[in-house]
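# Observations on the three-dimensional arrangement
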Amino acid sequence: MKLATHFPFFFALVFIGLVASCNDRPNDLSSRYYACLDAADSAKAIYDFQKAFEHYYRSLNYTNDTTPRWKAYSTIEMAKIQTRLGDYAGADSILTQTLSYLKDTLYRSNVYAALGNNFSEQHDYVNAKLFMERALALKIDTKDQLLLRNNIGYLYLQAQDYPRALSYYTKLIQTPGLDTLPDCYAKIRDNQATAALYLNHPQTKVWLDKAYRLRDSLGNPLELTASTMHYAAYYLRQGQRDSAAFWAQKAYTYATQLHHPEDRLEALRYLIQALPNAKTKEPMERFLRLSDSMEVVRSKAKVYFTSVIYDASQVRKENERFRSQLQLLFIALGVLLCVGGAYFVYQRLRMRYRVLRATYETELRMSKKLHDELANDMFQTLSFVEQQTPDSPDKDTLLDRLDALYAQTRSLSRSSGVIDTGERFENELKELMAGFSSPHTRVLALDVGAVPWSNFRREAKITLYRVLQELLVNMKKHSAATRVQVRFIPDKRGVTVTYTDNGKGGEVATILKNGLSNAENRIFTLGGSISFDSQPNAGWQCQFRIPKS
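Conventions adopted
- Residues numbered from 1 in each chain as written.
- Predicted model: local features only at pLDDT ≥ 70, side-chain atom pairs only at ≥ 80, totals over all residues.
- Heavy atoms only, no water.
- Helix = DSSP H or I, 4+ residues; strand = E, 2+ residues; numbered from the N terminus.
- Buried < 20%, exposed > 50% of the residue type's maximum accessible area, 1.4 Å probe, protein only.
- Contact = heavy atoms within 4.5 Å.
- Salt bridge = Lys/Arg side-chain N within 4 Å of Asp/Glu carboxyl O.
- Pairing = 2+ DSSP bridges.
- Axes fitted to C-alpha atoms, helices over the stretch in contact; angles between N-to-C directions.
- Expected span 1.5 Å × (residues − 1).
- Parallel < 35°, antiparallel > 145°, perpendicular 65-115°, else oblique.
- Nonpolar A, V, L, I, M, F, W, Y, C, P; charged D, E, K, R; others polar.
- Patch = residues over 30% accessible without salt bridge, like charges linked within 9 Å, V, L, I, M, F, W, Y side chains within 5 Å.
- Areas by Shrake-Rupley, 256 points an atom, 1.4 Å probe, with all protein chains shown as cover.
- Phe/Tyr/Trp six-rings, centres within 6.5 Å; stacked < 30°, edge-to-face > 60°.

Bringing the overall build of the protein chain into the picture now. Within the protein chain one finds 20 helices and five strands. By the burial criterion, 41% of the 549 residues in the protein chain qualify as buried. Taking the intrachain contacts of the protein chain between residues at least 6 apart in sequence as the baseline, contacts between residues at least 24 apart amount to 63%.

Opposite charge on two side chains permits pairing when their charged atoms draw close. Taken as a whole, this structure holds 17 salt bridges when the rule is applied. Notably, a salt bridge pairs K44 with E77, separated by 3.1 Å at the nearest N-O pair. Highlighted residues: K44 in helix 2 (residues 26–45) and E77 in helix 4 (residues 68–84), separated in sequence by 33 residues. According to the relative accessible area criterion, K44 is partly exposed, its value standing at 24%. Overall, the relative accessible area of 10% leaves E77 in the buried class. With a closest N to O distance of 2.9 Å, K205 and D209 form a salt bridge. Residue K205 and its partner D209 are located together in helix 11 (residues 204–218), separated by four residues, close to a single helical turn. Owing to a relative accessible area of 27%, K205 belongs among the partly exposed residues under this scheme.

Taken in spatial order, the five strands of this open sheet run 1-2-3-5-4, and their pairing is mixed. Looking at strand neighbours, the two that pair on one side only are strand 1 (442–446) and strand 4 (529–534), the edges of this open sheet. Here the strands of the sheet are splayed against their neighbours by 10° on average, with no regard to which way each runs. Bridging between strand 1 and strand 2 (residues 483–490) involves five bridges; their strand directions are parallel. Each residue of the ladder has a partner; that of R442, found in strand 2, is R483. In this fold helix 18 (residues 458–479) packs onto strand 1, strand 2, strand 3 (494–501) and strand 5 (540–547), with an angle of close to 170° to the strand it touches most, strand 5.

Looking now at helix 12 (residues 221–237). Look at helix 12: 24 Å from first C-alpha to last across 17 residues, which is about the 24 Å you get at 1.5 Å a residue. Of all 17 residues in helix 12, twelve are buried, a share of seventy percent or more. Within helix 12, burial applies to E223, L224, T225, S227, T228, M229, H230, Y231, A232, A233, Y234 and Y235. Contacts from the buried residues of helix 12 go to helix 10 (182–197), helix 11, helix 13 (241–257) and helix 14 (261–274). Phi turns positive, to about 80°, at G239, one or two residues after helix 12.

Their axes nearest at 10 Å, the elements helix 4 and helix 6 (residues 105–121) cross at an angle of 10°. Overall, the two elements helix 4 and helix 6 adopt an arrangement that is roughly parallel. Taking contact as the criterion, the partners of R69, A72, Y73, I76 and T83 in helix 4 are, on helix 6, Y107, N110, V111, N117, N118 and E121. Across the contact of helix 4 with helix 6, the residue classes break down as five nonpolar, four polar and two charged.

If you trace the backbone, A91 turns up in helix 5 (residues 88–101). Accessibility expressed as a relative area gives 0% for A91, which makes it buried. Distance from A91 to N118, taken between C-alpha atoms, is 7.3 Å for residues 27 residues apart in sequence. Excluding residues that lie within four positions of it along the chain, A91 makes contacts with A79, Q82, T83 and N118.

Okay, the pairing of strand 4 next. Burial of strand 4 is one-sided: the residues I530, F532 and S534 facing one way are buried, the residues S529, S531 and D533 facing the other way are not. For strand 4 and strand 5, the ladder comprises six bridges, and the chain directions are antiparallel. Bridge assignment links S534 to a residue of strand 5, and that residue is W540. Hairpin connection from strand 4 to strand 5: five residues lie between these consecutive antiparallel strands, with N537 at a positive phi of about 60°.

This brings us to helix 8 (residues 142–158). Taking 1.5 Å of rise per residue, the 17 residues of helix 8 would be expected to cover 24 Å, and the 24 Å separating its terminal C-alpha atoms lies within 8% of that figure. Of the residues making up helix 8, those classed as buried are L146, L148, N150, I152, G153, L155, Y156 and L157. Following helix 8 by one or two positions, Q160 has its phi on the positive side, about 60°.

Before going further, it helps to spend a moment on a nonpolar patch on the surface. Nonpolar side chains collect at one region of the surface, where L328, I331, V335 and V339 lie side by side and expose about 360 Å² of accessible area between them. Here I331 is to be found in helix 15 (residues 281–386).

Now for the packing of aromatic side chains. Per the stated rule, a full pass over the model turns up 18 aromatic pairs. Measuring from centroid to centroid gives 5.6 Å for F119 and F131, while their planes differ by 10°, and the two rings are stacked. Here the residue F119 occupies a position in helix 6, and F131 occupies one in helix 7 (residues 125–137), the gap between them amounting to twelve residues. Accessibility assignment for this pair places F119 and F131 in one class, buried.

Spelled out as structure tokens, the structure:
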């Protein structure tokens, strides 16, 4: 019966396992996602931005609705690469889509900042400032706020609004705690000096020196590129062409190391302006070659980005289609297995109850036959004998024996007769136990009324009644007990019945147990249990449990 009980649960577990096998585990997703990020970082380290873009896009295959930060980080990095390589429309599209699902404050700020930089590269300073201010309005840390404010001030520089830029940076440089962030301080001080440069401010050189010395101590080539470029611009305005050429060449070297073609072009512009006309041919040729190659690279990059996104989206669609089909297959298989399991259990239960009901019906037919036929015949025989003459020999003996036979048949009829399993079932039990009480044997029934009999199905009540009846009959025949106690202990799932007597026990217990094989079969058929215990001259104990259903 245990197989039938657990059969549907077994198939449910199989079904869940099959569906779960269609989905990647969280640990697998995490390891694959970060493997893509590592590959992208490695590609960026050697300035292979197209390959980095491809790895970032591939990492999106390992994100889902539960990992919005992963997805946002990858798309922001992709957009930065697109902006750098001139695919401004592509960057705008990706960032706008990211905003549609992103709720995280930090990452929304990063998206707004990336959109602002994207507009800035297109010289759309109005929209650039709009998105940078949106980023600034979110709750972000002090350093990020300072960097965003610096970028907003840089928009004034790009728009050549130098008075406003100088005023802005002069206030920003006074921010409390700025001196604890040397990289931010150097950036803001350098941009302040750049604004002052175009206004011929007397502190320009002092501010440029402060920024350069700090950046040189930090060893940041990217920031040093900006400082050396601004030195070249400063010396050009001062008419010191040799110094301007020196710093322009230094800026070009840094930009070449960093693979920044835009900065290389700007450094070449300063170098061409600083050199005598006779020496400008070679840098001019480099400028033209680099400018042409940048246009080619940007054109190819746009096509490459589009093809990567298209190809990956097609692969993703195919994977999703395959996964959906596989899940439907597993669902159909799971439903089929569950239906099959349910049908199997139904057939087992149906057969079990059919056998049990057949047993009860057989007992009932036997009881009716004994009562209606044998008992009636015996009664007629008694009546016939009573009508005999007083001179008939052995009449009294015959009558006694026939009377005993009649009583025996009546008892047999009662032992297998109809049991009222309705509202009178409690009384049926009490009458049963009272029927085995006598001057020599006292039967105590404890807590029979504490059991909610209406919650038990008919077969369970009949089985309990028959088992208890067999216990009492065997007690009467073999135990010689003078005191019997029957206790009923109800619980949520059924009732436990404990039977104890003070009879002979010992070897008699073996006889009693063997005589209760039918009771055991009844209980096991319903999914219950029964146990026996006895010691010589210490009585007989039995405990059995009947479930409600």
